[in-house]
Amino acid sequence: MSSIQNLATNRSVIAGRINGRPVGGGSRPLHGPTGDLVAHLSLSDVPDVDAAVRAAVDAQQAWRRTPPPRRGEILTRAAAILAERRTEFAAAITREEGKTLREAGVEVDRAVDYLSFFGAEGWRLAGHEFANLEPNLRITSRREPLGVVGLITPWNFPLAIPAWKLGPALVAGNSVVLKPALEAPGPSVLLAELLESAGLPPGVLNVLIGGGATVGAAVVAHPGIQAVSFTGSTEIGRQIAAVAGQRMARVQLELGGSNATVVLDDAEPDVAAELIARSAFGLTGQACTATSRVYCTPGIAPALVESLAARARAVRIGAGTDPATDIGPLVNPAAHARVAKIVETAVREGAVLHTPREAPPPFFEPTVLTNLAPGAQIFETEVFGPVVAVVEVSSLAEAIACVNASRYGLVASILTDSLAAAQTFTDEVRAGTVKVNEATTGNQPNVPFGGLKDSSNAAFKEQGSAALDFYTVSKSVYLRWAS
Ligand code: NAD
């Protein structure tokens, strides 16, 4: 039986999976961002965590002995199937998360790339040989899987984030307990089924649909889980680090952001505004890499603000399923209330609003603010909505100081033709990724990704070959033989 039934209708049941079979109980309605009934959730509770870990422990015995290229082949096959089922997966993302079908299609493409990339990594897993003084001794190190890993994911990229964690986890020979966010769990379940159809043995990937404070916390605390990779808010990340640290489990935390774009006078205002609009308003601002702060020098400020506000006003807001829509709603009314409060606070702090506030919740207009002091609340918080605050600064040095004043350090970009300014910026900015003449959003699957400061525990990177460092442990082997 499929654990997602009648997906095309509004009467589907979404259940987790243990050992290749649906799991969970009850029937809790899942509503999309605009309140329509999307599915019924068959929820797991804490005892299912133990059952999932036991299934994962058993399945890992054969999985870790499967040659890495064969493990990779399954991911490669899954990537091909996912590409064929692009429309179906995009529809599931849009229905649950609310982004447009175009944006959801791009997310599916990214997931295909992650699976393809890590499929090929199966042929590249390698160890190391050390020099030594003795003729009959060989000293090597090899990468071994950790065992069972727990993956806890947010709702905003409900397919791509599970895919970028599952790729390295599985190809390295680990088995997995995945707990997606309750707001948009369907794509994770679909992906698990797809991986099984591509040849992944039952029990290697188990998915639990449940609450964060219950099921998520039980995954983090379970002694059978060797490592936890978490993407989500900084606040929950801190709690997870404390619990995992107590039992000395390896933990990877990729957290919130307050990303900045710097614009210097030599940039072209319309080109800059276009890049910022894409970074700030695309995906309804619900990307950890979204730009929410802009620091610009005085010569370009008026033209930049005018062009950015015009672009904000031209964005067509609506249902993600409508091909005419540029951006969908915020994920739920609570998210709307939170973003609205951030804007209201900014206005109370003296911000000038350059765009109208008319859309009914949970829709939120792209919003451009100016006239805020560096210490304003919006600069201390992750906005996670289509809102950008533009601040005039006197110099590149002041811009860099403002960028670095944030407690977050995920992505920062500079828009300039000056090679010297670009070089200074990339040298001096404290962020996991720095860009020149690029949107803050977007990254390639083969390039390491992760933040600094409150955006990450910065212990391990995700994506690229570097992602395998988290999912493997090196074993040193001394091998002596008689001559
Ligand atoms: P969240 O922190 O509320 O939840 C993330 C996941 O953690 C969910 O699956 C949730 O159920 C679970 N969870 C909640 N409490 C838990 C607990 N006590 N123990 C274990 N698990 C628990 O985040 P969200 O609202 O789903 O996602 C938005 C956040 O994710 C934003 O802050 C965004 O910046 C961040 N994010 C970061 C990246 C990145 O790579 N840095 C990427 C995407 C999203």
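Use the structure listed above.
Counting of residues starts from 1 at the beginning of each chain's written sequence and follows it residue by residue. Selection of residues for local features in this predicted model requires a pLDDT of at least 70, selection of side-chain atom pairs for listing and counting requires 80 or more, and totals for whole chains, interfaces and linings are taken over all residues. As a rule here, side-chain values come from all non-hydrogen atoms in the structure, and water together with hydrogens is ignored.

Draft legend 1. Focus on helix α12 (residues 396-405). Those residues of α12 not exposed but buried are L396, A399, I400, C402 and V403. Taken end-on, α12 shows its buried residues confined to a sector of 160 degrees, consistent with a single buried face. More than 90 degrees from the buried face of α12, the exposed residues found are A397 and A405. Contact partners of the buried residues in α12: β12 (259-263), β13 (291-296), β18 (411-415) and α13 (419-428). Exposure categories follow from relative accessible area, calculated using a 1.4 Å probe and restricted to protein chains: below 20% of the type maximum is buried, above 50% is exposed, and the middle band is partly exposed. Secondary structure elements follow DSSP: runs of H or I no shorter than four residues count as helices, runs of E no shorter than two count as strands, and numbering proceeds from the N terminus. Think of the arc as the fan of directions from the helix axis to the C-beta atoms. Residue contacts follow a heavy-atom distance rule, with two residues in contact if any of their heavy atoms lie within 4.5 Å.

Draft legend 2. Focus on helix α1 (residues 46-63). Helices are assigned an expected span. That span is 1.5 Å times one less than the residue count. With 18 residues, α1 should cover 26 Å at 1.5 Å per step; its first-to-last C-alpha distance of 25 Å lies within 8% of that length. Along α1, the positions that sit buried rather than exposed are D48, V49, A52, V53, A55, A56, A59, Q60 and W63.

Draft legend 3. Structural context of the sheet that holds β18. Pairing between strands requires that DSSP locate at least two bridges from one strand to the other. Spatially, seven strands are ordered β14-β15-β16-β13-β12-β18-β19 in an open sheet, and the strand pairing comes out mixed. The open sheet terminates on both sides in strands that have one partner only, identified here as β14 (352-353) and β19 (433-436). Across four bridges, the pairing between β18 and β19 is parallel. Within the sheet, the bridge partner assigned to A412 lies in β19 and is V434.

Draft legend 4. View of the packing of aromatic side chains. Only rings of Phe, Tyr and Trp enter the pairing, Trp through its six-membered ring, and a pair is recorded when the two centres are within 6.5 Å. The plane angle decides the type: under 30 degrees is stacked, over 60 is edge-to-face, the rest tilted. Going through the model one piece at a time under the given rule, you end up with seven aromatic pairs. Aromatic pair F117 and F118: ring centres 5.0 Å apart, planes at 90 degrees, arrangement edge-to-face. Taking 5.2 Å as the distance between ring centres and 75 degrees as the angle between the ring planes, the aromatic pair formed by F460 and F470 counts as edge-to-face. Placement of the pair is F460 in the loop between β20 (452-453) and α14 (467-471) and F470 in helix α14, with a sequence separation of ten residues. Given the relative accessible area of 0%, F470 is considered buried. Each residue in the set Y114, W164 and F449 is aromatic and connected to the rest through ring pairs, giving one cluster. Positioned above the aromatic ring of F157, the side-chain terminus of R110 is 5.4 Å from the ring centre. Its end group placed over the ring of F117, R124 keeps NZ or CZ at 5.8 Å from the ring centre. Ring-over charges, as used throughout, are those where CZ of Arg or NZ of Lys falls within 6 Å of the ring centre and within 35 degrees of the ring normal.

Draft legend 5. Here's a closer look at the site of the ligand. Near the ligand, the surroundings consist of 27 residues, among which T153, S233, L255, C288 and E382 are the closest. G212 has a polar backbone atom sitting 3.4 Å from a nitrogen atom of the ligand. Take G232: an N or O atom from its main chain is 3.5 Å from an oxygen atom of the ligand. Protein contact buries 88% of the 860 Å² of open area that the ligand shows by itself. Sorting the residues of the shell around the ligand by element identifies α7 (212-221), β10 (227-231) and α8 (234-246) as the ones contributing at least two each. For this classification, Asp, Glu, Lys and Arg are treated as charged, while Ala, Val, Leu, Ile, Met, Phe, Trp, Tyr, Cys and Pro are nonpolar and the rest, including Gly, are polar. Its residues assigned to classes, the shell around the ligand shows 15 nonpolar, nine polar and three charged. Domain boundaries shown here were taken from an automatic or database domain assignment. Two domains each put at least three residues into the shell around the ligand: domain 1 (7-255 + 456-477) and domain 2 (259-436). A single heavy atom is enough: if one lies within 4 Å of a molecule or strand, its residue is considered near that molecule or strand. Contacts described as polar in this section are N or O atom pairs within 3.5 Å, which, within protein, must combine one atom able to donate a hydrogen with one able to accept it, while residues neighboring in sequence count only if both atoms come from side chains. A 1.4 Å probe and the Shrake-Rupley method give the accessible areas. Residues count as covered only by the protein chains that appear here.

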